[in-house]
Structures are given as structure tokens and as C-alpha cells.
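# Chain and residue survey
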Amino acid sequence: MKMAPRWTLICAGLWMLLAPGRGQFPKEDQQRIVNLHNHHRSTVEPPAADMIHMKWSGELALIAKEYATKCIWEHNPDSQNIMGENLFITTGPLDIEKALSDWFMEHKHYSYDNNTCAENEMCGHYTQMVWAKTKEVGCGSHLCETVEALGFKNATLLVCNYLPLGNYMGQKPYQVGEQCSKCPDDLKNCVDQACDSTDRDELPSMMPTEWMTELYYTEMSSSGRPSASSLILVGLLASLLLL
């Protein structure tokens, strides 16, 4: 049996050390976030024929949590074109239901027929939230003394990451039709008006391994040490290689 390279074993160990419960939402909040996403996804109008039932990803949650601690009101440049991302900020206690409702209510500014947002309005949070092919969500939050680019004081920043990412230019978020009538072949079960499979677990198998490796070595060359998120991502890659 061929032994795995030493760096692979090291990264796998780092993954095991960093992953469990590192500043994540409690289990009940994780489930609430997933349930709210699936509820909103099941109520889109016109109805979706190919909407996938979402699951929680601890890996995406860790990346979201670490980015939230940076307290910057802009999208994570390291994850653009890799995973979807929604941001929410509040100067009071974080209300998860309100945050997700605010994103979903952007549907008022979105025209499915034209696949456009109303002028001077936002709807990208909504379209990512209901992007049919997105299977995984993971969120993290942080109480920031100051939020860069906004100047807010003592504000809570919520970050949610999504895989596969949505909001592809020129594409609509889902196909219209009877719910669950156009499910992928591997997701033929209909759960809460969405496509699902009983054997699908939380691990996001679509995480791009090339990007994880590139992120690790880029940060090593620029700063001399990788961030926690890059260690997590490379650790995930390592754990997959050891299977």
C-alpha cells in the first residue's frame, strides 16, 4: 500500500484539529438556517421544478466564520467565482430569521421572466438563496467593533457561503414547473417540495481541489503562513486523498 505524502498527513491532522466546532453556530441554529433556506426555496414564484434540498456544510461555515472576523463589508475576494456568498449586517442582536427574510424579500425586485433586478434595487442575495443547483450552505457571524467600509460600531456581520455557487450571468436561478418534476437523476426523492437523496451527506464534494491547493501556496508565499481557512480547505483536500 502506497503511503500518503507527509504534507498530506499533516494537513489531514490540521483539518481534524481545526474543524470540530471552531466558533460555529450551535446545532440548533445550523438547522434553523438550513430549514429557513429550504422553506424559502420551496415558496418561490413561479414554482421551481429542479430545486435541490439544501444541507449544512461545516467546511463552508468555517470559511464564513473566519471571513466574518475580518469585519469587512465586501465579498471575500478569495472565494469569488468559487463559492456563492451572502452578507448581512445588523447593529442589534443577530436575528437569523430576519436576515434570511431580508435576502428572500428581494424577490420583489426580481423579474423571473426578464431575469433582471429592478433599477437601483438588489436581488442577488435572493437569486443565490434560491439557486436551484446550490446544495450546500454554511454560515458564520462575528460581533465587530468596527466594520470596514461602513463605519458601523458594534455590529454583527453574518456571512453565508454556498456550493455550487449561483448567480451565473445570463442564467435564471431555477427551471419553472411542477415542483420536483425535473430533479437530477441522483436526487429523485422529493422532500419539502425539493429534490433530495437519502444518502447525501454534509460533505461538499464539489469543493475544487485545485483552488484549495493554490490558495494554500499563494498565502504561504505572500505572508509566510497560511490562514486558518486555507488550512481548513487544504486539510479537506488531504482528508479526501486519504480515503
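Everything in this summary refers to the structure shown in the same document. (Residues numbered from 1 in each chain as written. Predicted model: local features only at pLDDT ≥ 70, side-chain atom pairs only at ≥ 80, totals over all residues. Heavy atoms only, no water.)

## Describing the layout of surface pockets
Quick note on the threshold: Buriedness for pockets is judged along seven lines, at least five of which must meet protein on both sides within 12 Å for an open set on the 1 Å grid over protein atoms alone, while cavities are sets there where a 1.4 Å probe fits but cannot get out, and lining residues have an atom within 4 Å of a point. Grid points are joined across faces, edges and corners, and a volume is the space filled by probe spheres set on the points. Secondary structure elements are defined from DSSP: runs of H or I of at least 4 residues count as helices, runs of E of at least 2 residues count as strands, and each element is numbered from the N terminus. When residues are sorted by character, Ala, Val, Leu, Ile, Met, Phe, Trp, Tyr, Cys and Pro go into the nonpolar class, Asp, Glu, Lys and Arg into the charged class, and all the rest, Gly among them, into the polar class.
Quantified by volume, the largest pocket comes out at close to 330 Å³. If you go around the largest pocket, you meet 15 residues; those closest to its centre are H75, G84, E85, N86 and N167. At the level of elements, β2 (84–90) and α5 (124–129) are the ones that each hand at least two residues to the lining of the largest pocket. Grouping the amino acids of the lining of the largest pocket by side-chain chemistry returns two nonpolar, 12 polar and one charged.

## What to know about the environment of L150
Formally: We call a residue buried when its accessible area falls under 20% of the maximum for its residue type, exposed when it is over 50%, and partly exposed in between, using a 1.4 Å probe and counting protein chains only. In this analysis, two residues are considered to be in contact whenever any of their non-hydrogen atoms come within 4.5 Å of each other.
Assignment of secondary structure puts L150 in the loop between β5 (136–147) and β6 (152–163). When its relative accessible area of 32% is taken as the criterion, L150 is described as partly exposed. A sequence separation of 77 residues divides L150 from W73, and the C-alpha atoms of the two residues are 6.7 Å apart. Excluding residues that lie within four positions of it along the chain, L150 makes contacts with W73 and I89.

## Concerning helix α3 (residues 58–68)
In an α-helix there are 3.6 residues to a turn, and that puts residues three or four apart on one side. Burial runs high along α3: 11 of the 11 residues are buried. Of all the residues in α3, the buried ones are G58, E59, L60, A61, L62, I63, A64, K65, E66, Y67 and A68.

## Side note on the state of the cysteines
The cut-off we apply is this: Two cysteine sulfurs form a disulfide in these notes if their separation is within 2.5 Å.
A full pass over the atoms with the stated rule returns five disulfides. Disulfide pairing places C180 opposite C190 at an S-S distance of 2.0 Å. On the S-S bond that ties C180 to C190, the torsion sits near 75 degrees, and the link is right-handed. Of this pair, C180 sits in the loop between β6 and β7 (189–191) while C190 is found in strand β7, placing the two residues 10 residues apart along the sequence. Indicated for the protein is the disulfide connectivity 1-5, 2-3, 4-6, 7-9, 8-10, based on numbering the bonded cysteines in sequence order.

## What about unusual backbone geometry?
Geometrically, the link from E45 to P46 is a cis peptide bond, its omega value of -5 degrees lying close to zero. Structurally, the position occupied by P46 is in the loop between α2 (27–42) and β1 (55–56). Between L163 and P164 the backbone carries a cis peptide bond, its omega angle lying at -20 degrees. With respect to the secondary-structure elements, P164 resides in the loop between β6 and β7. Residue N81 is not a glycine yet carries a positive backbone phi of 70 degrees. Tracing the backbone through its elements, the reader meets N81 in the loop between α3 and β2. The class for N81 is exposed, based on a relative accessible area of 70%. For Q193, which is not a glycine, the phi torsion comes out positive at approximately 65 degrees. Residue placement: Q193 occurs in the loop between β7 and β8 (194–196).

Purely spatial values, then, with no claim about function.
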